[in-house]
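Analysis of the macromolecular model
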Amino acid sequence: MEASGATKLNWNVAVDGSDVSLEAFNTVFKQLMKEDDSIVISHVYSNSKEEYLSFKFKPENIKQDYEAELIGTHSSKWSLVWEHLHKGLTTKQHIMQIAKENNSDILALGYVGRKGPKEDPTLLGSAVEYMAHHPVCPALVIKREEKRESKEDGGFRFLVC
């Protein structure tokens, strides 16, 4: 994380255990966050789905992975929000509610979720599409992790809603 003279941002990264959500986290945490920024890593889960999820996608395993990623970062800079899906809400709506409750300036998420890419690579995941149409804050959608230093122009490619 770099020092910054700019406004402090409160980032929220929605994760689901997928490689793409990890790439969204890495892009924000390792490249976009400034020294004074804070980050909330959020995950919404349902016990009814947990039975058939592979080890990688089980809520406690995802949580442990992100705790390990955050070791060495002062605890005032980050928090993990793991919530059971509220009755009457979809996962998408619940993610948006967490972003709103945490006063997120930017919600970052992967281009697709744990179910993987669509047959048509131009289609957004359903969560991304929902958040683009019902925003509570700007959304930053990461298709794949890119490193500035490896880019000729030093830039990134992403979708902002």
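In what follows, the accompanying structure is described. It should be emphasised that the depicted structure is a prediction, and the values quoted were computed from it without experimental measurement.

Rules used throughout
Residues numbered from 1 in each chain as written. Predicted model: local features only at pLDDT ≥ 70, side-chain atom pairs only at ≥ 80, totals over all residues. Heavy atoms only, no water. Buried < 20%, exposed > 50% of the residue type's maximum accessible area, 1.4 Å probe, protein only. Helix = DSSP H or I, 4+ residues; strand = E, 2+ residues; numbered from the N terminus. Right-handed = clockwise from strand over helix to strand, strands pointing away. Pairing = 2+ DSSP bridges. Salt bridge = Lys/Arg side-chain N within 4 Å of Asp/Glu carboxyl O. Polar contact = N/O pair within 3.5 Å; in protein donor to acceptor, adjacent residues only side chain to side chain. Contact = heavy atoms within 4.5 Å. Core = buried A, V, L, I, M, F, W, Y, C linked by side-chain atoms within 4.5 Å. Phe/Tyr/Trp six-rings, centres within 6.5 Å; stacked < 30°, edge-to-face > 60°.

A closer look at the pairing of strand β1 (residues 10-14)
- Most of β1 is tucked away, with five of its five residues classed as buried.
- Of the two faces of β1, the one carrying N10, N12 and A14 and the one carrying W11 and V13 are both buried.
- At this point the chain moves from β1, through helix α1 (residues 19-32), to the parallel strand β2 (residues 38-45), and the crossover so formed is right-handed.
- Judged from the three bridges that link them, β1 and strand β4 (residues 106-110) form a sheet pairing that is parallel. Across the sheet, the residue bridging to W11 is I106, located in β4.

Some remarks on the pattern of salt bridges
- Under the counting rule described, the total for this entry stands at two salt bridges.
- For K56, the salt bridge identified is with D19, shortest N-O distance 2.8 Å. Here K56, found in the loop between α2 (47-50) and α3 (59-70), pairs with D19, found in helix α1; they are 37 residues apart in sequence, far enough to count as distant.
- For the salt bridge of K30 with E69, the shortest nitrogen-to-oxygen distance reads 3.8 Å. Here E69 lies in helix α3 and K30 lies in helix α1, a separation of 39 residues in the sequence.

A closer look at unusual backbone geometry
- Positive phi values are uncommon outside glycine, yet N103 reaches one of about 50 degrees.
- Locating N103 in the fold gives a position in the loop between α4 (91-101) and β4.
- The class for N103 is exposed, based on a relative accessible area of 60%.

A word on the side chain of H94
- Considering the arrangement of structural elements, one finds H94 in helix α4.
- On the accessibility criterion, H94 (0% relative accessible area) is buried.
- Of note is the side chain of H94, whose polar atom sits 3.2 Å from the backbone nitrogen of H86.
- Aside from chain neighbours lying at most four places away, what touches H94 is V44, E83, H84, L85, H86 and L89.

Let's talk about the nonpolar core
- I39 and I41 are the most contacted members of the largest nonpolar core, which totals 20 residues.
- Elements with a contribution of two residues or more to this core: β1, α1, β2, α3, β3 (78-84), β4 and β5 (139-142).
- At five residues, the largest contribution of residues to this core is made by α1.
- Those residues in contact with I41, other than ones at most four positions away along the chain, are V13, V15, F25, Y66, L70, S79, L80, V81 and W82.
- Judged by nonpolar contacts, the second largest core, of 17 residues, contains V20, I95, I98 and V128.

A look at the packing of aromatic side chains
- Taken as a whole and judged by the stated rule, the model has two aromatic pairs.
- For the pair F25 and F29, a centre-to-centre distance of 5.1 Å together with 15 degrees between the ring planes defines the contact as stacked. Of the two residues, F25 and F29 both sit in helix α1, four residues apart, roughly one turn of that helix.
- Relative to Y66, the ring of F25 lies with its centre 5.0 Å away and its plane at 85 degrees, an arrangement referred to as edge-to-face.

Focus on the environment of K56
- Taking relative accessible area as the criterion, K56 reaches 36% and is therefore assigned partly exposed.
- For the pair K56 and S18, spaced 38 residues apart in sequence, the C-alpha separation works out to 8.1 Å.
- When sequence neighbours within four positions are dropped, the list of residues in contact with K56 reads G17, D19 and I62.
- A polar atom in the side chain of K56 sits 2.8 Å from the side chain of D19.

Everything listed is a geometric property; what it means functionally is a separate question.
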